[in-house]
Amino acid sequence: MRQDYSFKDYRAEAEAVHARIQQAHPGAKNLLEVACGTGKHLEHLKAHYEAVGLDLDAKQLEEARRRNPEVVFYQGDMRTFDLGRTFDAITCLFSAIGHAGSVEGLEAAVYTMARHLNPGGVLLVEPWLSPQVWQNNRMRCLSTSPTSRWPV
Ligand SMILES: C[S@@+](CC[C@H](N)C(=O)[O-])C[C@H]1O[C@@H](n2cnc3c(N)ncnc32)[C@H](O)[C@@H]1O
């Protein structure tokens, strides 16, 4: 199924991600995007980093490779992957972390991503929902822009 993410400004989001990474880890040079989908963030992040992508879905990866022929992509599960190398920055964007599926899955995904970080590296996970959307015991969410939800 093809999803319509036309409301997203991937360039602006990638620049916000880049700024946040450099703030936390100045000089970060390489980056892994976990659950990269069709590679739309990487299309912009690859200008700043030696970038690598990972996703579970072969079809998403096919499109990501077509869009980013110079980027290396791996098929893998965020909870269990093992690339045998480490990175200065790892991102998991657009609520993809929700696919971890359970608290145990979330712990496994964060552990798996964290063990792929270099010392001082940055793990940036965009949440499904942030504490800010919980107001007066009700959930309110008008914005889809991640930059309005950071830092988390
Ligand atoms: C909402 S899309 C986000 C894609 C991309 N990050 C973006 O911003 O366009 C969620 C992605 O998570 C991937 N995914 C789902 N379960 C996964 C898992 N267990 N491990 C890795 N990727 C997974 C899907 O194939 C899909 O590409």
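Residues numbered from 1 in each chain as written. Predicted model: local features only at pLDDT ≥ 70, side-chain atom pairs only at ≥ 80, totals over all residues. Heavy atoms only, no water.

- The chain goes by Methyltransferase type 12 in an unreviewed UniProt entry, where it is assigned to Allomeiothermus silvanus.

1. With respect to the sheet that holds strand β4 (residues 87–92)
Inference 1: With parallel pairing, the five strands of this open sheet are ordered in space as β3-β2-β1-β4-β5. Whereas interior strands pair on both sides, the edge strands pair on one side only; in this sheet they are β3 (72–75) and β5 (117–125). Across the sheet, the mean angle separating the axes of adjacent strands is 20° when strand polarity is ignored.
Inference 2: Running at roughly 175° to β3, helix α3 (residues 58–67) makes contact with β2 (50–55) and β3 of the sheet.
Inference 3: Along the sheet, helix α4 (residues 103–114) makes contact with β1 (30–34), β4 and β5, crossing β5 at roughly 140°. (Pairing = 2+ DSSP bridges. Helix = DSSP H or I, 4+ residues; strand = E, 2+ residues; numbered from the N terminus. Axes fitted to C-alpha atoms, helices over the stretch in contact; angles between N-to-C directions. Contact = heavy atoms within 4.5 Å.)

2. Comments concerning the packing of aromatic side chains
Inference 1: In the structure shown here, the tally under the stated rule is one aromatic pair.
Inference 2: Above the face of the Y10 ring, K8 is positioned so that its terminal group lies 5.2 Å from the ring centre.
Inference 3: Above the ring of F94, the side-chain terminus of K8 is found at 3.7 Å from the ring centroid. (Phe/Tyr/Trp six-rings, centres within 6.5 Å; stacked < 30°, edge-to-face > 60°. Lys NZ or Arg CZ within 6 Å of the ring centre and 35° of its normal.)

3. Quick look at a nonpolar patch on the surface
Inference 1: On the surface, a cluster of nonpolar side chains totalling about 500 Å² of accessible area is made up of W128, L129, W134 and M139.
Inference 2: Among the secondary structure elements, M139 is positioned in strand β7 (residues 138–139). (Patch = residues over 30% accessible without salt bridge, like charges linked within 9 Å, V, L, I, M, F, W, Y side chains within 5 Å. Areas by Shrake-Rupley, 256 points an atom, 1.4 Å probe, with all protein chains shown as cover. Salt bridge = Lys/Arg side-chain N within 4 Å of Asp/Glu carboxyl O.)

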